[in-house]
Amino acid sequence: MIHKFEQGGLFMVVDVNSGAVHVVDELVYDILDHFPQKESEEIVELLKDKHDSQSIVDAVGELKELMDAEQIFCEDKYIHNLEFKARKPVIKAMCLHVAHDCNIRCTYCFASQGDFEGDRSLMSLDTGKKALEFLAKNSGNRRNLEVDFFGGEPLMNFDVCKQLVEYGRGLEKEYNKLFRFTMTTNGVLLNDENMDYINKEMHNVVLSLDGRPEINDKMRYTISGGGTYDVIMPKFKKMVEKRGDKSYYIRGTFTRFNTDFAADVLHMADQGFDHVSVEPVVAEPKHEYALKDEDLNKVFQQYDELAEELIKRKKSGEGFNFFHFMVDLSQGPCIVKRLSGCGAGAEYIAVTPEGDIYPCHQFVGNEEFKMGSVHTQEMDMSLNNEFKNAHVYNKPDCKECWAKFYCSGGCHANAYNFNDDINKPYSLGCEMEKKRLECSLYIQAKLMMEE
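Residues numbered from 1 in each chain as written. Predicted model: local features only at pLDDT ≥ 70, side-chain atom pairs only at ≥ 80, totals over all residues. Heavy atoms only, no water.

### Side note on the sheet that holds strand β2 (residues 10–15)
Taken together, the three strands give an open sheet; going across it, the order is β1-β2-β3, and neighbouring strands pair in antiparallel fashion. Each edge of the open sheet is held by one strand with a lone partner, namely β1 (2–7) and β3 (21–24). On average, each strand axis in the sheet is tilted by 25° relative to the strand beside it, whichever way the strands run. (Pairing = 2+ DSSP bridges. Helix = DSSP H or I, 4+ residues; strand = E, 2+ residues; numbered from the N terminus. Axes fitted to C-alpha atoms, helices over the stretch in contact; angles between N-to-C directions.)

Encoded structure:
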């Protein structure tokens, strides 16, 4: 299987199964509409009005050599891979909901402004300890374990976060593990003291901001209705300056209110943030801010503009990383991740302040997907297996999609929320993902060609 596309004057071909990416000329691009189904003579007859006959024959010969080298039209070698088929349940990452409460209100918040449609609550130290113990005990031979302090707003329960980090360091020695802690914060409660602690102890930090002041403040506002941009921007700048070369992302959401979101990405880059992620909102069509199919052309145009600007900035030494344009062409993720994605419900779980276990943060509150409790240290393995088997080969829409080994089948929660089936992807998200992938491949090709 191949996928071919043209962007910015480049003709590009992706071999889905091998992962090879080729920049070709227009001749080869046209031949691939007919090759390998047709022989050289037939292709010459079809294309003789546009291309020289001998050039067509030569190009077909080169394509056959690429096939022999398994660089194009390569067979799928993943589907029967033993590492994938024989993998055992191992939990390697946890979203720890230390706060089902929030000190701001976001219009599009999937967590219902922080309470996940339940009572506002904070995780106790005892529950947090049991959660870390559960992760350590159920992680098999996996040494590096990921824990994200999440909310709501986790800084509302920061003392417990600090105590859990200390407790985790003790578990590391007992279980021969390494906890890599992350915090996702809206930044309102950041100060010098907790910035220093976060920068010391957190492997990564995610800072929530939507972009330009008017865009951010339209969707992310204080409880009293005021904007948050002026409150958090100085703190985020200080946080990143203090952080040095440690990992972070400033992460935003774009909606139908800002389909010109490339300006928001560039605004954050211009403010000095080198690692930016701006995600499309996922919301039911009834909401006025929800993205719709008719918005796709505008969205695609924005990704194209962003790609060209990113190339321009990288060439001038002023580049930045845009999360959705980062694809590893050298080796990429392991086989299991290529086929199963984030591993929600199988390798990744979320734990609520009450200690309940869910497949991920977006399933929290849906009792149908409650998997167990850290207080009993037990988990429903039937649900675990259901998510384990929600891979690209069991998703009909993914099986024949060129992007399947990049997006790994998409988000289970989005699939369920839109289609009541974790094996039926959210189609609007799929279209945007494929466009982002094309832009990413184009950027890398363009930069490599001009080195």
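### Regarding the pattern of salt bridges
Applying the stated rule across the entire model yields 26 salt bridges. Of the charged contacts in the structure, one is a salt bridge between R120 and D101, with a shortest N-O distance of 3.0 Å. Separated by 19 residues along the polypeptide, R120 in the loop between β6 (104–106) and β7 (121–122) and D101 in the loop between β5 (99–100) and β6 bring together distant segments of the chain. Ionic pairing is found between E431 and K434, a salt bridge with its closest N-O pair at 3.2 Å. Of this pair, E431 and K434 are both found in helix α17 (residues 427–449), three residues apart, which corresponds to roughly one turn of the helix. (Salt bridge = Lys/Arg side-chain N within 4 Å of Asp/Glu carboxyl O.)

### Here we look at a negative patch on the surface
Together, D25, D52, D58, E62, E65 and D68 give the surface a local cluster of negative charge. With respect to the helices and strands, the residue D52 is situated in the loop between α2 (40–47) and α3 (53–68). (Patch = residues over 30% accessible without salt bridge, like charges linked within 9 Å, V, L, I, M, F, W, Y side chains within 5 Å. Areas by Shrake-Rupley, 256 points an atom, 1.4 Å probe, with all protein chains shown as cover. Lys, Arg positive; Asp, Glu negative; His and termini not counted. Charge placed at Lys NZ, Arg CZ, Asp CG, Glu CD.)

### Examining the packing of aromatic side chains
Summed over all chains, the structure comprises 18 aromatic pairs. A centroid spacing of 6.5 Å and a plane angle of 65° characterise the contact between Y393 and F405, whose relative ring orientation is edge-to-face. With Y393 in the loop between α13 (381–388) and α14 (396–399) and F405 in helix α15 (residues 404–407), this pair connects stretches of sequence that are 12 residues apart. A network of ring pairs unites the aromatic residues F254, F261, Y303, F322 and F325 as a single cluster. (Phe/Tyr/Trp six-rings, centres within 6.5 Å; stacked < 30°, edge-to-face > 60°.)

### Observations concerning unusual backbone geometry
Here the amide bond leading from F35 into P36 is cis, since omega sits at 5°, within 30 degrees of zero. Along the chain, P36 turns up in the loop between α1 (26–31) and α2. Although it is not a glycine, F73 sits at a positive phi angle of roughly 55°. Counting through the fold element by element, F73 comes out in the loop between α3 and α4 (82–85). The class of F73 is partly exposed, set by a relative accessible area of 22%. In this structure, S408 takes a positive phi of about 60° despite not being glycine. Tracing the sequence through the fold places S408 in the loop between α15 and α16 (412–419). (Buried < 20%, exposed > 50% of the residue type's maximum accessible area, 1.4 Å probe, protein only.)

### Considerations on the nonpolar core
Judged by nonpolar contacts, the single largest core of 104 residues is most densely connected at L96 and F149. Other than its neighbours up to four places away in sequence, F149 contacts L96, V98, P154, C161, L164, V165, F181, T182, M183, T184 and M202. I2, F11, L27 and L47 belong to the second largest nonpolar core, which has 18 residues in total. (Core = buried A, V, L, I, M, F, W, Y, C linked by side-chain atoms within 4.5 Å. Contact = heavy atoms within 4.5 Å.)

### Some words on the sheet that holds strand β13 (residues 275–280)
Each strand in a sheet pairs with its neighbour through backbone hydrogen bonds, running either in the same direction (parallel) or in the opposite one (antiparallel). Strand order in the open sheet made by the 11 strands is β14-β13-β12-β10-β9-β8-β4-β15-β16-β17-β18, with mixed pairing throughout. Across the chains shown, the open sheet's two edge strands, defined by having one partner strand only, are β14 (321–322) and β18 (378–379). Of the strand pairs in this sheet, β13 and β14 are connected by two bridges, and their pairing is parallel. Within β14, the residue paired with V276 across the bridge is F322. Sheet strands in contact with helix α9 (residues 229–243) are β9 (178–185), β10 (202–208) and β12 (249–254), and its direction is about 160° off that of β10. Most of the contacts of helix α10 (residues 262–270) go to β13, to which it runs at about 160°, and overall it touches β12, β13 and β14.

None of the figures reported here should be taken as evidence of function without further support.
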